[in-house]
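# Remarks on the overall topology
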Amino acid sequence: MSDKPKKPGTRREAREAVLQFLFSHDLNNETLPDQCADFWELRATRQKVRDFSTELLNGIFAHRGELDLAIDAACQNYTLDRLAAIDRNILRLAVYEILHREDIPVPVTLNEAIEIAKRFGSAESAGFVNGVLDRIRSEHGNPAGKKVSATTTDSTQPESEGT
């Protein structure tokens, strides 16, 4: 077997791009999804990754107030502005998927958020993100009639058009 790291699937790569865009938006509020040509010049990727990233970004910005309220309510002893920027933006992405993307099973969203937190966050990020998302999932039940199966995809493998 090869020790070479596996290339992330299309949707994992798109989620990581979304996180990077949201992080840059935190630093420069003028950066909006419809003005991200410069971002894509710096982060060259496949068109499928761009397309899914753009879908997610448009949804996150359209529902940002709602997402931030849900995160703020679920964070015990923290306010949204006190969260690390990486954790805050991973949560925004995942909460958007949980509340508004019925095509993405909740366990997939949770797994993706935790894995991205392990890669980009601090040593405590994965556990923190998991705890907050579990509270949000519990409080919001099964929004939009989403499938809540225990089946997840291996996000390091190339993905089909599904999840």
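The following refers to the structure shown.

What counts and how
Residues numbered from 1 in each chain as written. Predicted model: local features only at pLDDT ≥ 70, side-chain atom pairs only at ≥ 80, totals over all residues. Heavy atoms only, no water. Helix = DSSP H or I, 4+ residues; strand = E, 2+ residues; numbered from the N terminus. Buried < 20%, exposed > 50% of the residue type's maximum accessible area, 1.4 Å probe, protein only. Contact = heavy atoms within 4.5 Å. Areas by Shrake-Rupley, 256 points an atom, 1.4 Å probe, with all protein chains shown as cover. Core = buried A, V, L, I, M, F, W, Y, C linked by side-chain atoms within 4.5 Å. Axes fitted to C-alpha atoms, helices over the stretch in contact; angles between N-to-C directions. Parallel < 35°, antiparallel > 145°, perpendicular 65-115°, else oblique. Left-handed = near helix turned anticlockwise from the far one by under 90°. Nonpolar A, V, L, I, M, F, W, Y, C, P; charged D, E, K, R; others polar. Salt bridge = Lys/Arg side-chain N within 4 Å of Asp/Glu carboxyl O. Expected span 1.5 Å × (residues − 1).

Another aspect to go through is the overall build of the chain. When helices and strands are counted, the chain shows seven helices and zero strands. Along the chain, helices (α) and strands (β) appear in the sequence α-α-α-α-α-α-α when read from the amino end. Taking all 163 residues of the chain together, the buried fraction comes to 46%. Long-range pairs, those at least 24 residues apart, make up 78% of the contacts in the chain with a sequence separation of at least 6. A total of about 8,700 Å² of accessible surface is found on the chain, and carbon and sulfur atoms cover 50% of it.

In this section: the nonpolar core. Grouped together as the largest cluster of nonpolar side chains are 43 residues, with contacts concentrated most on Ile-71, Ile-90, Val-95 and Leu-133. A total of nine residues in this core trace back to one element, the largest contributor, which is helix α5 (residues 85-100). When residues no more than four places from it in sequence are discounted, the contact partners of Leu-133 are Leu-91, Ala-94, Val-95, Ile-98, Leu-110 and Ala-113.

To continue, consider the packing of α5 against helix α7 (residues 125-140). Here α5 crosses α7 at 30°, and the two axes come no closer than 10 Å. Here α5 lies roughly parallel to α7, going by the angle between them. Classified by chirality, the crossing of α7 by α5 is right-handed. Every residue of α7 that contacts α5 at Asp-87, Ile-90, Leu-91, Ala-94, Val-95, Ile-98 and Leu-99 is listed here: Ser-125, Phe-128, Val-129, Val-132, Leu-133, Ile-136 and His-140. Considering only residue class, the contact of α5 with α7 consists of 11 nonpolar, two polar and one charged.

Turning our attention to the side chain of Glu-13. Summarising the element assignment, Glu-13 is placed in helix α1 (residues 10-27). Excluding its chain neighbours within four sequence positions, the residues that come into contact with Glu-13 are Lys-7, Pro-8, Arg-43, Thr-45, Arg-46 and Val-49.

Quick look at the pattern of salt bridges now. If the charged atoms of two oppositely charged side chains come close together, the side chains can form a pair. This structure, assessed with the given rule, holds 15 salt bridges. In this structure, Arg-43 engages Glu-13 in a salt bridge whose closest nitrogen and oxygen atoms are separated by 4.0 Å. Taken together, the residues span a long stretch of sequence, with Arg-43 in the loop between α2 (37-42) and α3 (47-62) and Glu-13 in helix α1 at a distance of 30 residues. The residues Arg-43 and Glu-13 share a single accessibility class, namely buried. When the shortest N-O distance is used, the salt bridge between Asp-103 and Arg-101 registers 2.8 Å. What makes Asp-103 partly exposed here is its relative accessible area of 38%. Given a relative accessible area of 9%, Arg-101 falls into the buried group. Taken together, the shared-partner salt bridges in this structure form one network comprising Asp-26, Arg-64, Asp-68, Arg-88 and Arg-92.

Now for α1. In this model α1 runs 26 Å from its N-terminal to its C-terminal C-alpha over 18 residues, within 8% of the 26 Å that 1.5 Å per residue would give. Burial analysis of α1 places 13 of its 18 residues in the buried class, the great majority of the element.

Relative to each other, α1 and α5 sit at 125°, their axes nearing to 9 Å. Accordingly, the angle class assigned to the pair α1 and α5 is oblique. The element α1 and its partner α5 pack so that their crossing is right-handed. Between α1 and α5, the contacting residues are Arg-15, Val-18, Leu-19, Leu-22, Phe-23 and Asp-26 on the first element and Ala-85, Ile-86, Arg-88, Asn-89, Ile-90, Arg-92, Leu-93 and Glu-97 on the second. Considering only residue class, the contact of α1 with α5 consists of eight nonpolar, one polar and five charged.

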